[in-house]
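So you can see what is in the structure, the chains are spelled out below.
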Amino acid sequence: MAIHFQNSRRLWLASLATVAGSRILPRLSASLNIPAPAPAQYQDNGDGTVTDTISGLTWQQTDAGEMTLEAAQQYAEQLQLGGHTDWRLPHPMELFCIMDHRLHGPAMNTRWFPATAARYWWTETARPDSREKYWQVNTGGGIGAHAKSEAVGAGGENPVHTRCVRGPSPWGAGPRLQKNTDGTVTDQVTGLIWQQQLNSQAMTWEQAQEFCRELSIAGQSDWRLPTIRELRSISDDRLAQPSLNPDFFTGADSVPCWSATTQMNRPERAWYTDFTSGLVTYRDKTEHMQVLAVRGSSPLTAEPTEPVTPNARTGGGGKGGGGGKGKEKGKKGAEKTKPPRKNTPE
């Protein structure tokens, strides 16, 4: 009897401690300013696909390996994965926004997207002033337009892989801009508010940060230097020279503009967007470039907050449109394709 009583008492005390802990520990954490774990942006669907809970897009989890653009287009059209057949090649901003600039080699969270031998990934979009050049995102975190002939499968040296996506694009055909009457421009895709007048004075990265902090437009003083995702979001892939729409931005020109995003493995460098075409790459912070300030926030362009650990470098990477060389093919994901169609252009 005594043993039974003691065991029951232990169980009761343990239950009481569990209940008390579930109520007290969150309050204790809050009082100590301990942040709650950031929610994961992605959901592993267990069928070879990953869903972005912010954009709603569903991605092929493991890329399909190296191939030419024509082969990638046909592959996407024929892909059956996760019980769906409506796969496609991604829009440049869709693909760019699954990059994680807190990481390097690859600049992508390999918890959700396993590393392969890819150096670049295809998008669906060609440069409007050069239909032989298609936008590609590289494993270093940049984006640039490259000639189709540079792919390994076309006789070139760049291992360009394919990662398909499905779902309605939150980005549509590009930014949807609205010129306000107070010296600002609103992008209705993201809700971000932009300085309308492109600053004509080139400055260093540190000077650009200070310029934005001291800026006051439309009675607002919470202006800042945009992140690289935010800055690339107003580059219109339907335009070139410049890709920043001059109908909305005064003084828009084919110039590079600083972002607030530091290069992860080289803190003396920062990412920028070149509005000649929308190229994203990096420079030393001591160099001089233009500035375009922003205010507000958007889930679509928010930087990832999920805790990460550094990726084991798998090779690759690259500066904007550049990158390493190699001819090693990546492994394919657990997908199947429909039987090849006749008379499909290659």
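This write-up is about the structure you can find in this document. (Residues numbered from 1 in each chain as written. Predicted model: local features only at pLDDT ≥ 70, side-chain atom pairs only at ≥ 80, totals over all residues. Heavy atoms only, no water.)

## Here we look at the overall build of the chain
No. 1: Counting secondary structure elements, the chain contains 5 helices and 19 strands.
No. 2: Here the contacts in the chain between residues at least 6 apart in sequence split such that 69% fall between residues at least 24 apart.
No. 3: When the accessible surface of the chain is summed, it comes to about 16,300 Å², and 52% of that surface belongs to carbon and sulfur atoms. (Helix = DSSP H or I, 4+ residues; strand = E, 2+ residues; numbered from the N terminus. Contact = heavy atoms within 4.5 Å. Areas by Shrake-Rupley, 256 points an atom, 1.4 Å probe, with all protein chains shown as cover.)

## As for unusual backbone geometry
No. 1: A cis amide bond links Gly105 with the next residue in sequence, Pro106, at an omega value of 0°.
No. 2: The topology assignment puts Pro106 in the loop between helix 3 (92–96) and strand 5 (120–127).
No. 3: Residue Gln241 is joined to Pro242 through a cis peptide bond whose omega torsion reads 5°.
No. 4: Take Pro242: it is sitting in the loop between helix 5 (228–233) and strand 14 (256–262).
No. 5: Unusually for a residue other than glycine, Ala218 sits at a positive phi of about 55°.
No. 6: By the secondary structure assignment, Ala218 is in the loop between helix 4 (205–214) and helix 5.
No. 7: The exposure class of Ala218 is partly exposed, given its relative accessible area of 36%.
No. 8: Among the structural elements, Gln241 can be located in the loop between helix 5 and strand 14. (Buried < 20%, exposed > 50% of the residue type's maximum accessible area, 1.4 Å probe, protein only.)

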